[in-house]
Amino acid sequence: MSIREKLRKGKAYYEIRLESIGGLGANLCGKMLGELGLKYLNLNSSSFASYGSEKTGTPVKGFIRYCDQEKEIRVHFPVINPDVLVVFHEALLLDEGVWKGCDKETSVIMAVNLPDSMPANILPPDVYERVKSVGKCYLLDAQKIAMETHSRINVVMLGATLKVMGVEDIEIGRKICTDTLGKKYPDALASNIAGMERG
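These figures come from a predicted structure and were not determined experimentally. (Residues numbered from 1 in each chain as written. Predicted model: local features only at pLDDT ≥ 70, side-chain atom pairs only at ≥ 80, totals over all residues. Heavy atoms only, no water.)

Caption draft 1: View of unusual backbone geometry. Phi at Asn 42 is positive, roughly 55°, even though this residue is not glycine. Looking at the element boundaries, Asn 42 is found in the loop between helix H2 (26–40) and strand E2 (43–51). Notably, His 150 is not glycine yet its phi reads approximately 60°, a positive angle. By secondary structure assignment, the location of His 150 is in the loop between helix H4 (142–149) and helix H5 (153–165). For His 150, a relative accessible area of 66% gives the class exposed. (Helix = DSSP H or I, 4+ residues; strand = E, 2+ residues; numbered from the N terminus. Buried < 20%, exposed > 50% of the residue type's maximum accessible area, 1.4 Å probe, protein only.)

What follows is the structure, given as structure tokens:
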């Protein structure tokens, strides 16, 4: 269900939780999702991250909230029951804490290494059990897409998240990539936009 649909049905906030490890760019992805709400979706939004030392491989969580433009966001605690859970690395799928607060209303995006021919048991048995307790699940080989497009995993996951959120206009994704990455990494902008589009 899209952001607008959930907010129209009386939900106070549309919430996203990013689960990642340091070095994959989840913090920047969360900032981009937050800014996108304000700039291009006519929504009020907030985003923040939670992490320990900023080292590659350490746990990173990102939290994004959207609500109607007229409403203030007065809650600033981590997202407990996400509408969308975005898992940046398949090793995190085995962590029980990653799935905490997810239910049949939660859509889950999982970055996994997909083989060329899809076997029936692509996910570990423990993960299958957790998948049964949530809404829709989306698998994508974010690492492969990032390598093929010469982009980063975070922009691939950004593209997938926009799709699951119900953002149909791909131009919005292009704009937020240009806003955020255009000045800092102008030479890599085209490849990052390609990664976002593939995601």
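Caption draft 2: Inspection of the packing of H2 against helix H6 (residues 170–181) at higher detail. One way to put it is that H2 packs onto H6 with a least axis distance of 10 Å and a crossing angle of 120°. Crossing handedness for the pair H2 and H6: right-handed. Each of Leu 28, Met 32, Glu 35, Leu 36, Lys 39 and Tyr 40 in H2 lies in contact with H6, whose residues at this interface are Ile 172, Lys 175, Ile 176, Cys 177, Asp 179, Thr 180 and Leu 181. Partitioned by chemical class, the residues of the contact of H2 with H6 number 8 nonpolar, 1 polar and 4 charged. (Axes fitted to C-alpha atoms, helices over the stretch in contact; angles between N-to-C directions. Left-handed = near helix turned anticlockwise from the far one by under 90°. Contact = heavy atoms within 4.5 Å. Nonpolar A, V, L, I, M, F, W, Y, C, P; charged D, E, K, R; others polar.)

Caption draft 3: Quick peek at the packing of H4 against H5. At a minimum axis distance of 8 Å, the contact between H4 and H5 shows a crossing angle of 115°. Remark: the crossing between H4 and H5 carries right-handed chirality. For the pair H4 and H5, contact is made by Ala 142, Gln 143, Ile 145 and Ala 146 and by Ile 153, Val 156 and Met 157, respectively. Considering only residue class, the contact of H4 with H5 consists of 6 nonpolar, 1 polar and no charged.

Caption draft 4: Quick look at helix H7 (residues 189–198). Every buried residue belonging to H7 is among Leu 189, Ser 191, Asn 192, Ile 193, Gly 195 and Met 196, and all of these are buried. The inward-facing, buried residues of H7 abut H4, H5 and H6.

Caption draft 5: Up close: the packing of aromatic side chains. Under the definition given, this model contains 2 aromatic pairs. Where Phe 48 meets Phe 63, the ring centres are 5.1 Å apart and the plane angle is 40°; that geometry is what we call tilted. Of this pair, Phe 48 sits in strand E2 while Phe 63 sits in strand E3 (residues 59–68), and the two are 15 residues apart along the sequence. Under the relative-accessibility criterion, Phe 63 is labelled buried at 4%. Taking the ring centre of Phe 77 as reference, the NZ or CZ of Arg 65 above it sits at 5.0 Å. A cation over a ring is seen here: Lys 71 above Tyr 13, with NZ or CZ 4.4 Å from the ring centre. (Phe/Tyr/Trp six-rings, centres within 6.5 Å; stacked < 30°, edge-to-face > 60°. Lys NZ or Arg CZ within 6 Å of the ring centre and 35° of its normal.)

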